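Each chain, letter by letter, is given below.
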Amino acid sequence: MTELLRHPNIMERLQSELDDVIGKERMVEEPDLRNLEYLQAVVKETLRLHPPAMLGVPHSTTEAPKDTISPANTRVIVNVHAISTDPKVWENPLKFDPSRFLNSRMDVKGQHYEILPFSSGRRLCPGMNLALVSVAYTLAQLVHACSISLPEGLTPLDVDVEQRFGITVGKRNPLNLLLTRRLPSDVYHKAGLNGIGQSRIPVDT
Ligand code: HEM
């Protein structure tokens, strides 16, 4: 959400994909996710530039792996963030640009070693599929059902980007947003979301 507020053109493109694919007469549903190519690209680009587990979980070798110089019992910590922002692999690596994942086979599921937000191999995150669906679904519903803007007087350049480092990385300070309805009232009513109106909601993502 922070990157979308910093890049209004990307927010607009995402919103227009949602309007094209879903329309404005109903909410996003889970089966829609596979038809939202740009949304999936936004999720992948977020995991590339802001992997929640910047440093993977430490592992150690039980025996010396073939063709490597590490002896047995070497502790290995993969720098996930360094891999997915490596300038030898990624053009403009620090730029938030979801379109780099359009028409690309590159995925985040541990098959492409250029981007490993869920790690890879037998200790791959077992919550990966749940996480990918939950993040895409939540983002799609928010962006489709709400116009999301900054509090009055703030510009995209003012959006706070400070991070809090720990086992996982998150935002240091909550994001202040203004959410307003953008679909006809009966759509919220049918979804049981009558409470959505015009309010400031801190979002910690
Ligand atoms: C965007 C969200 C998530 C990211 C980026 C993420 C990433 C990771 C990473 C990098 C690891 C370390 C893998 C390794 O040992 O090399 C991991 C492990 C793990 N994750 Fe996730 N995860 C996410 C969401 C979830 C969810 C939703 C669940 C459960 C519902 C989950 C459950 C686990 C568990 C149980 C492990 C330990 C697996 C093991 O040691 O074998 N994760 N995750």
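- Per an unreviewed UniProt entry, the recorded name for the protein is Cytochrome P450, and the organism is Marchantia polymorpha.
- In its Cofactor (unreviewed entry) section, the UniProt entry covering the protein states "heme".

**Overview of the overall build of the protein**
(1) Moving on: Within the protein, the secondary structure is distributed over six helices and seven strands.
(2) Moving on: Starting at the N terminus and ending at the C terminus, the protein contains elements arranged as α-α-α-β-β-α-α-β-β-β-β-α-β.
(3) Moving on: Considering only C-alpha atoms, the protein reaches an extent of 65 × 35 × 30 Å along its principal axes.
(4) Moving on: Expressed as a percentage of the 205 residues in the protein, the buried residues total 35%.
(5) Moving on: Long-range pairs, those at least 24 residues apart, make up 64% of the contacts in the protein between residues at least 6 apart in sequence.

**Re the UniProt feature "binding site: heme" (unreviewed entry) in the protein**
(1) Moving on: Mapped onto this numbering, the UniProt entry gives "binding site: heme" (unreviewed entry) at Cys-125.
(2) Moving on: Structurally, the position occupied by Cys-125 is in the loop between helix H4 (80–84) and helix H5 (128–145).

**Here we look at the site of the ligand**
(1) Moving on: Around the ligand sit 13 residues, and of these His-59, Pro-117, Ser-119, Arg-123 and Cys-125 come closest.
(2) Moving on: Between an oxygen atom of the ligand and a side-chain N or O atom of Arg-123, the distance comes to 2.8 Å.
(3) Moving on: Its residues assigned to classes, the shell around the ligand shows nine nonpolar, three polar and one charged.

**Re the nonpolar core**
(1) Moving on: Membership of the largest hydrophobic core comes to 44 residues, with the highest contact counts inside it found for Met-1, Leu-5, Leu-14, Leu-139, Val-143 and Ile-148.
(2) Moving on: Listing elements by their share of this core, those giving two or more residues are helix H1 (2–6), helix H2 (8–22), helix H3 (37–49), H5, strand E3 (146–149), strand E6 (175–181) and helix H6 (185–190).

**Some thoughts on the packing of H2 against H3**
(1) Moving on: With their axes 8 Å apart at the nearest point, H2 and H3 run at an angle of 140 degrees to one another. The orientation of H2 with respect to H3, classified from their angle, is oblique. Touching Ile-10, Arg-13, Leu-14 and Glu-17 of H2 are Glu-37, Tyr-38, Leu-39 and Val-42, all from H3.
(2) Moving on: Split into classes, the residues belonging to the contact of H2 with H3 amount to five nonpolar, no polar and three charged.

**Topic: the packing of H3 against H5**
(1) Moving on: Between H3 and H5, whose axes approach to 10 Å, the crossing angle comes to 120 degrees. Relative to H5, H3 is oriented oblique. Seen from above, H3 lies across H5 with right-handed handedness. For the pair H3 and H5, contact is made by Leu-39, Gln-40, Val-42, Val-43 and Leu-47 and by Leu-132, Val-135, Ala-136, Leu-139 and Ala-140, respectively.
(2) Moving on: In the contact of H3 with H5, the residues fall into nine nonpolar, one polar and no charged.

**Observations regarding the side chain of Arg-182**
(1) Moving on: By the element assignment, Arg-182 lies in the loop between E6 and H6.
(2) Moving on: Engagement of the side chain of Arg-182 in a polar contact is seen with the side chain of Asp-19, the distance being 2.7 Å.
(3) Moving on: Within the structure, the side chain of Arg-182 is placed 2.8 Å from the backbone oxygen of His-144, a separation counted as a polar contact.

**Structural notes on the pattern of salt bridges**
Between side chains of opposite charge, a pair can form as their charged atoms come close.
(1) Moving on: Applying the stated criterion across every chain, the model contains eight salt bridges.
(2) Moving on: Here Arg-6 and Glu-3 are joined by a salt bridge, their closest N and O atoms 3.5 Å apart. Of this pair, Arg-6 and Glu-3 are both found in helix H1, three residues apart, which corresponds to roughly one turn of the helix.
(3) Moving on: In this structure, Arg-172 and Glu-162 form a salt bridge, with 3.1 Å as the shortest nitrogen-oxygen distance. With Arg-172 in the loop between strand E5 (170–171) and E6 and Glu-162 in the loop between E3 and strand E4 (163–164), the pair connects residues that are 10 residues apart, well separated along the chain.
(4) Moving on: Since its relative accessible area comes to 43%, Glu-162 is described here as partly exposed.
(5) Moving on: One continuous salt-bridge network, built from bridges that share partners, spans Glu-45, Arg-48 and Arg-100.

Rules behind the numbers
- Counting starts from 1 at the beginning of each chain's written sequence and moves along it residue by residue.
- A pLDDT threshold of at least 70 governs which residues receive local features in this predicted model, and a stricter bar of 80 or more applies before side-chain atom pairs are shown or counted, although totals over entire chains, interfaces and linings include all residues.
- Excluding hydrogens and water, the side-chain figures rest on all heavy atoms present in the structure.
- UniProt positions are given in the numbering used here, feature names are shortened, and annotations may be inferred rather than shown by experiment.
- By the criteria applied, helices consist of DSSP H or I runs no shorter than four residues and strands consist of E runs no shorter than two, each listed in order from the N terminus.
- Burial status follows relative accessibility: with a 1.4 Å probe on protein chains alone, a residue under 20% of its type maximum counts as buried, one over 50% as exposed, and anything between as partly exposed.
- Only heavy atoms matter for contacts: two residues are in contact if any of them lie within 4.5 Å across the pair.
- Nearness of a residue to a molecule or strand requires only that one of the residue's heavy atoms be within 4 Å of it.
- N or O atoms within 3.5 Å of each other form a polar contact, as long as, within protein, one can give a hydrogen and the other can take it, and as long as residues adjacent in sequence are counted only when both atoms are side-chain atoms.
- Gly falls in the polar group here, along with every residue not listed as nonpolar (Ala, Val, Leu, Ile, Met, Phe, Trp, Tyr, Cys, Pro) or charged (Asp, Glu, Lys, Arg).
- Throughout, nonpolar core names a set of buried Ala, Val, Leu, Ile, Met, Phe, Trp, Tyr and Cys residues whose side chains join them through atoms within 4.5 Å.
- Interaxial angle, 0 to 180 degrees, is taken between N-to-C directions of lines fitted to C-alpha atoms, where a helix line uses only the stretch in contact.
- Should an angle fall under 35 degrees it is called roughly parallel, over 145 degrees roughly antiparallel, and 65 to 115 degrees roughly perpendicular, with every other angle called oblique.
- A clockwise turn of the near helix away from the far one marks a right-handed crossing, whereas an anticlockwise turn of less than a right angle marks a left-handed crossing.
- One side-chain nitrogen of Lys or Arg within 4 Å of one carboxyl oxygen of Asp or Glu is enough to make a salt bridge.

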